[in-house]
Structure formats: structure tokens, C-alpha cells
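Chain residues, written in single-letter form:
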Amino acid sequence: MRLVLLLLCLCVPTAWAAESSLPKIDIGKGGECVKDTQWMRKNHMHLLVHQRDETVHKGVREVTNSLKNCIECHASLKDDSVIAREDSFCVACHKYEAVKLDCFECHSGVRKSAWLKRNAK
Amino acid sequence: MSDINLQRRNFLKTAAGAAMVTVAPGMLLFDVAHGNPQSVGKVRWGMLIDTAACVPGCNDCVTACNKENGLSGGTSATDPQWIRKIEIKDISSGREVSLPMMCQHCEHPPCVDVCPTGASFKRMDGIVLVDKHLCIGCRYCMMACPYKARSFVHEPLSDQNPDVPRGKGTVESCTMCVHRIDQGGQPACAEACANKVILFGDLNDPDSEIAKKVRSVVSTQIRADLKLNPGVRYQGL
């Protein structure tokens, strides 16, 4: 009995700590346009890689799975970006999972409508 | 000793030959390199540039390209330039011509031939592009291009046009504004030219304006002797 209690005492704070350190994500407008959240968390990279090859090589600019379209909804409503802050949509999770995010070395992380507005002149 | 070796060599030769033929009917273990089958597209985007109407000193096409694709506009050796204005002079007659020079979108592009990763490729519609996801920045294509059309991105970039991703460590060149073409638009340079010097269209469609003009006026391809069949043609050179 004592052992169980000891184990419980050890486990509860760890679980609590894990829970509280989950990333807090600014999801922008959010919503579910491709698949449910859990599926997307696991598989979004496959959709993006497939779409990128279709677009670059065949010129298929289908909107649903395009990076630009993802950003359009998921960019923060505060700064129109998915990468600007620690809690931005892409950064928050990738930082938590320690996965390097290199899309945005070339791609713009800013909502296109906002970029166009800024560069309208 | 040498007799044995000779027999051994002959045996190996025959074995290799047999293996080459007998993998499966119609399928060879080794295949001879042949032309890219992508060249049999229905559409072939091209440009016809009327050098007689091109005003010396005018830089509107270059400015439009820089703005559209997010280039700095600098002209040093390390600044990417997708299109340049060139003034040429025939020394014996003194005749001067001004023309824009960019990727000529060859039918048989040498940049594609030399690319070790398959990053440099030609689309079905004749546009020659760099897939920057595959480009390792080796710059073989820049050396192979007889038009010096390609640039290397030396500096980190920020705030790119969402339609035109560009980044450090990759080679890039004129894309004929592929993001506009795919949406039914025109390249930025053709749109910006006040004198309508750059005529853009489908060379394979006999009813298109460009195909009609190519049929009716004298036009030349630059370095036609290389037989690369560029999609960009010049009039009045």
C-alpha cells in the first residue's frame, strides 16, 4: 500500500507537468478543411510534399492542400504569420517536437492577402 | 595464363550481354540514355521580342520582374538577375540594338542535362524551372547555360512574395512567371512593356498571336547554332 502511494505521489506531478508544458498554439482562424486535427498533426507533411511536387512539376495549383492555403487560415490574426512568434501555428508544435522547420527559409510565412495589402504600391 | 584470362573475359562479356537482354521481355537491365519525353507537350509557351521597338535605356521589364519576383534589383556579381537589358552594337555598320535577355526556355536545355539531382527540369509546357526542393546549389547549370541566364542566391532572404518562394543556396532564373501563367496570366515583363515589345503566347497553337507572327516575320533564336531550340525568339537582330 505504501509503495502504491509512493508511486502515485511520483506519477501525479509528472503527468501534471507534462500536461501544462503542452504547446499553446495560436491557431489563427482555425477550422477543419482537410481532415480532423489529430490526422493533420500526424500527416500534414505528406500532404505538403505531395502537393509541392504536383505544383512545381505539373503546375497543378490545387488550393486545398497548398501551403499558401494552410497559411491563409492558420496565420495568427494578430500578425498574419505562422512563424513570427514562439506560439505561432507552425513554430509552437515544431519547437515542442524538436523538428526543424525549414519550409520558411524560402516560402513566405505570411498570409498572402496581408502581404499583398502591404506591397500594393 | 593469358589464354585463361582471355577466355574468362569472353565468358563475362557473353554473360553480361545475356543478362542485359533477358531481364524480362521488352525490359533491359541497361538502357541507353535518350531524350526527355516531356518535350512532347501540347502547349509550348514562348516569347517573341521585337528589338526594333525596344527603347534603349528603358528598364521597365527588368523593374517589373524584380518587383514581381522579389529581386533586389542589384547588378553585382552576387545579386540574382532574372532578366537583363543588353545594348549591342554592330561595329562595322554602327547599328545599335537594345534587347531584354533572360532564360531562353530551350527545348533541349543544357542546364537540365547537367543537373546532378534532377532539380533543373523542363515542364510539359516548355518552361524550364529549378525545383528548389531538390537543388543543392552546385551551380553546374549556371556554367552550362550559354545565355548566362541563371543566378545563385548568396544571401538569406526574407519577406518573399507568397507566390514566388526563393531562398539562399539555390539557383534560380526566369520562370516566365509560371505562377501567373498557371492562373491564365502573362509574365510580368510582357505586361509591363509600354511598347509591347515582348509578345507572350503558345507557340504550338497555330491560331495564337505569337504563332501567327512567328510565321509571318523574320525572327531568330540566339545561338541557334547550338540547336537548343529556345522558346524565346528575337525579331530585328
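Conventions and cut-offs
- Residues numbered from 1 in each chain as written.
- Chains lettered and ligands numbered in written order.
- Predicted model: local features only at pLDDT ≥ 70, side-chain atom pairs only at ≥ 80, totals over all residues.
- Helix = DSSP H or I, 4+ residues; strand = E, 2+ residues; numbered from the N terminus.
- Buried ≥ 20, exposed ≤ 12 C-beta atoms within 10 Å, placed from the backbone.
- Contact = placed C-beta atoms within 7 Å.
- Pairing = 2+ DSSP bridges.
- Bend = angle between axes of the 7 residues up to and from the residue.
- Nonpolar A, V, L, I, M, F, W, Y, C, P; charged D, E, K, R; others polar.
- Core = buried A, V, L, I, M, F, W, Y, C linked by C-beta atoms within 7 Å.

(A) Spatial organisation of the overall build of chain A. Secondary structure summary: chain A contains five helices and zero strands in total. Element order for chain A, N to C, with α for helix and β for strand: α-α-α-α-α. The burial tally for chain A puts 21% of its 121 residues in the buried class. Here the analysis covers contacts within chain A between residues at least 6 apart in sequence; of these, 61% occur between residues at least 24 apart.

(B) Just the overall build of chain B, in detail. Scanning chain B from N- to C-terminus turns up seven helices and ten strands. Burial analysis of chain B (237 residues in total) assigns 32% to the buried set.

(C) Broad picture of helix α3 (residues 67-74) of chain A. Along α3 of chain A, the positions that sit buried rather than exposed are L67, C70, I71, E72 and H74 of chain A. Along its buried surface, α3 of chain A packs onto α2 (37-58), α4 (89-97) and α5 (112-118) of chain A.

(D) The sheet that holds strand β8 (residues 198-202) of chain B, seen in detail. Residue and element names in this part refer to chain B. If you walk across this open sheet you meet the four strands as β8-β1-β10-β9, and the pairing is mixed. One side of each edge strand has no neighbouring strand; the edge strands of this open sheet are β8 and β9 (219-220). Pairing of strand β1 (residues 45-50) with strand β10 (residues 232-235) involves four bridges; the strand directions are parallel. What sits directly across from L48, in β10, is R233.

(E) Seen up close, the environment of L129 of chain B. Residue and element names in this part refer to chain B. Mapping L129 onto the fold places it in strand β5 (residues 128-130). L129 gets classed as buried once you count the C-beta atoms within 10 Å, which come to 23. In the structure, L129 is positioned 24 residues away from H105 in sequence and 8.6 Å away in space, judged by C-alpha atoms.

(F) Layout of α2 of chain A. Bending of α2 of chain A peaks at approximately 65° at the position of N43 of chain A. Of all 22 residues in α2 of chain A, two are buried; the element is thus mostly exposed.

(G) Here's a closer look at the interface of chain B and chain A. Of the residues lining the interface, 14 residues belong to chain B; the matching set on chain A comes to 13 residues. Residues that form the side of chain B that touches chain A fall into these classes: four nonpolar, four polar and six charged.

(H) Region of interest: the nonpolar core. I49, C65, I83, C189 and I198 of chain B are the most contacted members of the largest nonpolar core, which has 44 residues in total. Elements with a contribution of two residues or more to this core: β1, α2 (60-69), β3 (96-102), α3 (110-114), β5, α6 (188-192), β8 and β10 of chain B. Look past the residues within four positions of I83 of chain B in its chain and what remains in contact with it is C61, V62, C65, P100, M101, M102, C174 and C189 of chain B. With twelve residues, the next largest nonpolar core counts L67, A75, F89 and V110 of chain A among its residues.

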